[in-house]
Amino acid sequence: MGTDVPESRFPYGDELRKRREDAGLTQELLSQQAIMSRTHIAHIEGGRRKPSLDDARRLDQVLGTGGVFERFLPTLDSRKVAVHFAAAAEFEQQATMIREYASSLVPGLLQTEEYARAVFRFTFPPKSDDERDSALVTRLGRARILDNPVTPVLWTMLDEAVLRRPVGGPGVMAEQLRHLQQLGDRERIRLHVLPFSVGAHALMESSLTLTWLEDSPPIAYVEGVKTGAILDDPAVVHHCQAIYDLALGDALSHRESLALIKAVAEEYEKHEQQ
């Protein structure tokens, strides 16, 4: 997957495998009794996925482990992300496809180190230097999923405001936009810009991330100030997909978007040199 799996997940997965085998169960039989997919159990045993609280309770019940898996669940929380984003971060690392829309900032997966530093400087309440450094390591670590040249497939739609807002100053912005351009040029990500000339569009009211998973239905994630929500109702997710597609129809093509990103980067570079 190209992601840094928290070390604490490996002994958890090993313990699950040992308890399952001691009970004489295959992954398939355990999945049937615990009402979980076999693939999900395989991911937990391999340390690639964190079980939910309900997962842990069902495993304890089926394997008769007296609450072992539920009690040790908190030890798997080693990524330092905002509480409201924790679940979304987990799904992000498991995604086969991500489609996102950003209205004001470059999405975290695509941020350069200096751009992210500039963002963290303006969080409230203010963070200490150590807290900012820790948050920076986590944010940059999330981007390692892009080390895999194939998955997840990533489509990013940016409001033109994202390009024009000089986060960190012209030098930081030039570097950030060149980073986006490089990812787009080698077709690791697909980029679309919603230009100001479009005026009102379907996604004006919210940021949106749509995530497809290997063995689960797709989900949507929306976020606001100090809050975020995972939407998994199929009808709601389908509605979010339709809104995304509607906005995408108003956006520039991938090639046109790259040309605009390059032009704005050049503007920042000229401003930095003056």
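Structural notes, computed from the coordinates. (Residues numbered from 1 in each chain as written. Predicted model: local features only at pLDDT ≥ 70, side-chain atom pairs only at ≥ 80, totals over all residues. Heavy atoms only, no water.)

Pairing geometry for strand β5 (residues 219-224) and strand β6 (residues 227-231), over 5 bridges, is antiparallel. Within the sheet, the bridge partner assigned to G224 lies in β6 and is T227. In this structure, the hairpin formed by β5 and β6 is closed by a connection of 2 residues, where K226 is found at a positive phi of approximately 60°. (Pairing = 2+ DSSP bridges. Helix = DSSP H or I, 4+ residues; strand = E, 2+ residues; numbered from the N terminus.)

Taken as a whole, the second largest pocket holds about 460 Å³ of empty space. Listed by contribution, the elements that provide at least two residues to the lining of the second largest pocket are α4 (53-63) and α6 (86-94). (1 Å grid on protein atoms, 1.4 Å probe; cavity = no way out; pocket = protein on both sides within 12 Å on 5 of 7 lines; lining within 4 Å. Points joined across faces, edges and corners; volume = space filled by probe spheres on them.)

Scanning the entire structure with this criterion turns up 1 aromatic pair. When the ring centre of W155 is taken as reference, the NZ or CZ atom of R99 above it lies at 3.9 Å. (Phe/Tyr/Trp six-rings, centres within 6.5 Å; stacked < 30°, edge-to-face > 60°. Lys NZ or Arg CZ within 6 Å of the ring centre and 35° of its normal.)

Turning our attention to the side chain of E160. Turning to its location among the elements, E160 is positioned in helix α9 (residues 160-164). With residues up to four places along the chain from it excluded, the contact list for E160 reads V193, L194, P195 and F196. (Contact = heavy atoms within 4.5 Å.)

Okay, the sheet that holds strand β4 (residues 208-213) next. Pairing is mixed across the open sheet formed by 6 strands, whose spatial order is β3-β2-β1-β4-β5-β6. If you trace the sheet from one side to the other, it starts and ends with β3 (189-194) and β6, each paired once. Adjacent strand axes in the sheet meet at a mean angle of 15°, parallel and antiparallel pairs treated alike. (Axes fitted to C-alpha atoms, helices over the stretch in contact; angles between N-to-C directions.)

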